[in-house]
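# Notes for the structure review
Take a look at the letters that make up each chain.
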Amino acid sequence: MSGLWRWLMALGPDPHPPESSEGASGAWSLHFSEDLMRATLIHAPEERARDGEAPVRALLRQVVTGLDEGAVAAALERAWAAPSAAFSAVVASGTAGTAPASGELSWGYRRERSPFGELPERVSPGHTLASLVPGQPGTARIDLRGHSHPPPPPRGLRLTAGAGAHLAGQAVIADAEGYPVVRRQDGPEGALVELSIEPIVAVTADAMEARLTLWRPLEGEALPDHQALIAQAGVVRGLDHDAVNHLLAALERGAPRVSEVVARGLPAVDGEDGRLEVVMDLGPRPGRLLPDGTIDFRSRAIFEEVAAGALIAVLRRPTGGTEGFDVTGRITRQRPGRDLRLETEGDALFDRETGEVRASRAGVVSLVRAHLLRVSALQTIKGDVDYATGHIHSGGSVEIRGSVRPGFHVEAAGDVLIHGAVDSAEIRCGGNAVIRGGAKGSATRIVARGDIDLNFLEYGRAFAGGTIAVRRALLHARAHADEDLRCERGAKVVGGQLIAGGDVTVGTVGGGASALIAAGVRPGRLQRYFELFREEHARKQALDAHEGRFGIAVDDPSWRDLAAALAATRSAIHTLDLTPPEGAAPGVIEVQVQLCAGNSLRIGEAERLFDETCGPRRFTLAEEDGAYAVVDARLVERGRGREEGEPPAAVVEV
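Residues numbered from 1 in each chain as written. Predicted model: local features only at pLDDT ≥ 70, side-chain atom pairs only at ≥ 80, totals over all residues. Heavy atoms only, no water.

On a plain count of helices and strands, the protein chain comes out with eight helices and 55 strands. Here the C-alpha radius of gyration of the protein chain, 45 Å, is well above what a compact globule of 654 residues would show, namely 26 Å. Along the first, second and third principal axes, the C-alpha atoms of the protein chain reach 140 × 80 × 65 Å. Here the protein chain holds 654 residues, and 41% of them are scored as buried. Pairs at least 24 residues apart make up 49% of the contacts formed inside the protein chain by residues separated by at least 6 positions. Carbon and sulfur atoms form 50% of the exposed surface of the protein chain, whose accessible area is close to 33700 Å². If the 72 positive side-chain charges of the protein chain are averaged to one point and the 89 negative ones to another, these points end up 5 Å apart. (Helix = DSSP H or I, 4+ residues; strand = E, 2+ residues; numbered from the N terminus. Rg over C-alpha atoms; globule rule 2.2 N^0.38 Å. Buried < 20%, exposed > 50% of the residue type's maximum accessible area, 1.4 Å probe, protein only. Contact = heavy atoms within 4.5 Å. Areas by Shrake-Rupley, 256 points an atom, 1.4 Å probe, with all protein chains shown as cover. Lys, Arg positive; Asp, Glu negative; His and termini not counted. Charge placed at Lys NZ, Arg CZ, Asp CG, Glu CD.)

Pasting the structure below:
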């Protein structure tokens with residue numbers, strides 16, 4: 001022992017004492033380590049008589065397990081021999097545990113390192129790619145108090161099968177001829193290893209393409225018979241032999257891996273629908289959606305004059321299209337073009353052999369919903385429709401250069417153009433209605449077989465067989481369009497109903513009065529739906545009143561009639577179909593500026609009341625929890641599915 005150490009020992013106890021002291025008795029003290037895995041007996045120098053063994057045994061009663069009797073005896077003997085000496089001795093030790101061992105993978109195929117990375121062995125169906133060797137759990141440590149401390153769990157290793165493979169117990173088995181692909185993802189709880197097969201021949205789900213993938217053969221391995229594998233995959237048409245030869249040549253030049261589409265099917269070409277090709281410039285339909293997503297609100301060209309015998313339009317017949325085939329030789333059928341049921345009225349004559357529509361006499365042309373052409377005379381009212389003119393009834397088109405005063409109505413077989421306003425009046429036309437000055441009044445009613453283009457509508461009603469275009473406002477009004485309903489960005493909607501069989505575009509939907517905006521639902525059927533609900537309420541009240549007065553009496557004819565009427569109304573509600581026609585889109589509602597709280601949106605059979613104001617938004621119909629709901633279209637476009645990094649469902653874990 002060095003002189004320095006003897007000097008330190010003479011000063012007192014161990015200069016580096018254990019972390020915790022559990023007691024002292026006379027010259028003796030017992031110290032435990034912080035983890036209770038070691039007990040140290042310390043003797044301090046004493047000038048008085050020896051203490052004997054009893055104090056030591058009193059201290060050692062704190063040790064439950066792991067006591068070293070030999071070390072205790074040696075310490076007592078040393079203290080007896082040199083009572084003035086200071087020393088320490090470890091007299092008890094806990095039982096150390098063992099660390100857990102993680103699981104391992106036992107690989108079932110060869111892999112070779114190359115300058116280009118790892119090259120896998122080619123495997124066949126039934127080949128075991130890898131199996132999981134379970135890890136070994138550790139053992140617990142026992143401290144001097146007798147407490148057991150379990151070891152940490154082993155770091156997990158999970159094994160799963162990807163495409164072209166399957167799990168069998170704790171092994172991954174190949175399902176296809178190809179090359180193993182390993183993907184490993186490490187996380188806080190361990191590693192996830194996914195084994196899949198990159199097939200030599202892969203045919204897409206629609207069988208329109210086949211891809212050939214080849215890796216450089218390992219030592220002693222030959223190239224697979226790709227021709228046999230292509231045939232085995234069922235590829236019989238559209239094979240590109242040049243592409244196959246290109247792949248083989250690339251392997252010979254030293255490429256580690258080559259992959260390319262070597263067979264393509266021929267998609268079917270659907271036929272073109274019949275269409276009306278108008279040779280005259282009739283201008284755009286207001287509210288027409290342009291290819292870039294904007295809406296065309298240019299003023300409609302109306303009352304285009306045509307001479308007798310002049311060509312107006314040509315009906316282009318639908319085409320049949322051509323059938324296609326996939327790489328397996330299966331024929332894919334095309335959709336033949338749909339015929340356009342052209343209608344002509346007035347002085348428009350249709351020649352079915354040539355498809356030409358000509359004017360039989362001079363007049364003005366009216367195009368209604370892209371399938372109805374009409375040539376008729378034009379009646380012009382130079383001022384207002386009032387007591388001076390009386391009601392207007394015309395077999396042609398009507399131009400009113402003034403306004404339509406309260407109580408009067410205008411009826412025309414063709415188009416109607418009103419330069420002024422409509423005030424508590426009725427307008428009906430077999431063509432399109434254009435009202436430059438707007439319309440107001442609860443008695444106002446505008447009905448058009450084609451489109452309606454108006455500045456504003458306040459407290460009135462507008463019903464169009466085509467599209468309704470609104471430029472400034474819809475205030476507490478009803479606007480029903482069998483096709484689309486389009487409002488300019490600066491237009492404001494307050495209260496009322498906006499219902500369209502197609503899409504709806506609005507600017508600002510204000511608060512204060514609840515508005516219903518519906519898309520993708522036929523207006524007539526929705527109105528019938530509301531009527532049935534009102535009828536159900538009235539009949540339920542009548543039945544409740546009868547039962548409150550006379551009680552429930554099945555043999556009472558009056559009670560039976562009321563109950564049957566209520567049941568019939570409820571049955572009609574449940575069987576009323578509010579979905580758009582087959583093949584039609586479900587409808588979209590686009591808010592360009594703001595939708596205030598308190599307004600409702602409906603698409604098809606789903607309705608949503610908004611209790612918060614939102615900004616520009618596009619709404620569509622989507623299925624949620626087994627039912628349809630009106631949702632933000634952006635959520636649908638982003639899609640919902642497994643988040644990136646989420647493990648597959650089938651996993652073997654150790």
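With that settled, consider the state of the cysteines. On inspection of all chains with the given rule, the structure shows zero disulfides. Between cysteine 614, a free cysteine, and cysteine 596, which holds the nearest cysteine sulfur, the sulfur-to-sulfur gap is 8.9 Å. (Disulfide = S-S within 2.5 Å.)

Under the criterion given, the structure shown has seven aromatic pairs. Judged by centre distance (6.0 Å) and plane angle (85 degrees), the rings of tryptophan 28 and phenylalanine 87 are edge-to-face. With tryptophan 28 in strand E2 (residues 28–32) and phenylalanine 87 in strand E4 (residues 87–93), this pair connects stretches of sequence that are 59 residues apart. Residue classification places tryptophan 28 among the buried positions, given a relative accessible area of 3%. Overall, the relative accessible area of 4% leaves phenylalanine 87 in the buried class. (Phe/Tyr/Trp six-rings, centres within 6.5 Å; stacked < 30°, edge-to-face > 60°.)

Time to look at the side chain of serine 394. Here serine 394 lies in strand E32 (residues 392–394). Polar contacts involving the side chain of serine 394 include one to the side chain of glutamine 379, which spans 3.5 Å. Among the polar contacts listed, one links the side chain of serine 394 to the backbone nitrogen of glycine 396, at a separation of 3.0 Å. Aside from chain neighbours lying at most four places away, what touches serine 394 is Gln379, Glu411, Ala412 and Ala413. (Polar contact = N/O pair within 3.5 Å; in protein donor to acceptor, adjacent residues only side chain to side chain.)

Let's shift gears to the sheet that holds strand E28 (residues 356–359). A sheet is described by the order of its strands in space; here four strands give the open sequence E19-E23-E28-E27, paired in antiparallel fashion. Each end of this open sheet is capped by a strand with a single partner; those strands are strand E19 (275–278) and strand E27 (348–351). Adjacent strand axes in the sheet meet at a mean angle of 25 degrees when their direction is disregarded. Note: strand E23 (residues 311–316) against E28, three bridges, orientation antiparallel. From the neighbouring strand, alanine 313 faces E28, where its bridge partner is valine 357. (Pairing = 2+ DSSP bridges. Axes fitted to C-alpha atoms, helices over the stretch in contact; angles between N-to-C directions.)

Residue phenylalanine 303 is not a glycine yet carries a positive backbone phi of 65 degrees. Along the chain, phenylalanine 303 falls in the loop between strand E21 (295–296) and strand E22 (304–306). Look at serine 424: it is not a glycine, yet its phi comes out positive at around 50 degrees. Tracing the sequence through the fold places serine 424 in the loop between strand E36 (422–423) and strand E37 (426–429).

What follows covers helix H5 (residues 241–252). An ideal rise of 1.5 Å per residue puts 16 Å on twelve residues; H5 measures up with 17 Å between its terminal C-alpha atoms. Within H5, the full set of buried residues consists of Ala243, Val244, Leu247, Ala250 and Leu251. The buried residues of H5 all sit within an arc of 125 degrees when viewed along its axis, so they share a single face. Residues His241, Asp242 and Glu252 are exposed on H5 and point more than 90 degrees away from its buried face. Downstream of H5 by a residue or two, glycine 254 has a phi angle that is positive, lying close to 110 degrees. (Expected span 1.5 Å × (residues − 1). Arc of directions from axis to C-beta.)

On to the environment of alanine 362. Locating alanine 362 in the fold gives a position in the loop between E28 and strand E29 (363–368). Look at alanine 362 and you get exposed, because its relative accessible area is 51%. Residues alanine 362 and leucine 621 lie 259 residues apart in sequence; the distance between their C-alpha atoms is 48 Å. With sequence-adjacent residues up to four places away left out, alanine 362 is seen in contact with Val306, Ala307 and Ala308.

Let us now look at the sheet that holds E37. Spatial ordering of the open sheet is given by E32-E34-E37-E40-E42-E44-E47-E49-E51-E52, a layout of ten strands whose pairing is mixed. One side of each edge strand has no neighbouring strand; the edge strands of this open sheet are E32 and strand E52 (606–609). Averaged over all adjacent pairs, the angle separating strand axes in this sheet is 5 degrees, with direction ignored. In this structure, strand E40 (residues 445–448) lies alongside strand E42 (residues 461–464), joined through four bridges in parallel fashion. Paired with valine 447 across the bridge in E42 is phenylalanine 463.

Turning our eyes to something else, we now look at the environment of threonine 322. With respect to the element layout, threonine 322 can be found in the loop between E23 and strand E24 (324–325). Between the C-alpha atom of threonine 322 and that of arginine 184, which follows or precedes it by 138 residues, the distance is 47 Å. Among residues more than four places away in sequence, those in contact with threonine 322 are Ala268, Val269 and Gln334.

Along the chain, serine 403 turns up in the loop between strand E33 (397–400) and strand E34 (409–412). Only 2.9 Å separates the side chain of serine 403 from the backbone nitrogen of alanine 421, close enough to count as a polar contact. If we skip the residues at most four places from it in the chain, serine 403 touches Gly383, Asp384, Val385, Gly420 and Ala421.

Right, let's talk about the nonpolar core for a bit. In terms of nonpolar packing, the biggest core is built from 53 residues, with Val404 and Leu474 touching the most fellow members. Residues in contact with valine 404, not counting those within four places in the same chain, are Val385, Val410, Ile418, Ala421, Val422, Asp423, Ala425 and Ile427. Core analysis: the second largest hydrophobic core is formed by 21 residues, Leu229, Val235, Leu247 and Val258 among them. (Core = buried A, V, L, I, M, F, W, Y, C linked by side-chain atoms within 4.5 Å.)

All right, on to the pattern of salt bridges then. For the structure shown, the criterion picks out 35 salt bridges. Of the charged contacts in the structure, one is a salt bridge between glutamate 194 and arginine 183, with a shortest N-O distance of 3.6 Å. Note that glutamate 194 is positioned in strand E15 (residues 190–199) and arginine 183 in strand E14 (residues 178–187), a separation of eleven residues in sequence. The salt bridge partner of arginine 428 is glutamate 426, with a shortest N-O separation of 2.6 Å. Residue arginine 428 is classed as partly exposed on the basis of its relative accessible area of 33%. When salt bridges that share partners are traced, they join Glu272, Arg275, Glu277 and Arg316 into one network. (Salt bridge = Lys/Arg side-chain N within 4 Å of Asp/Glu carboxyl O.)

By themselves these figures say nothing about function.
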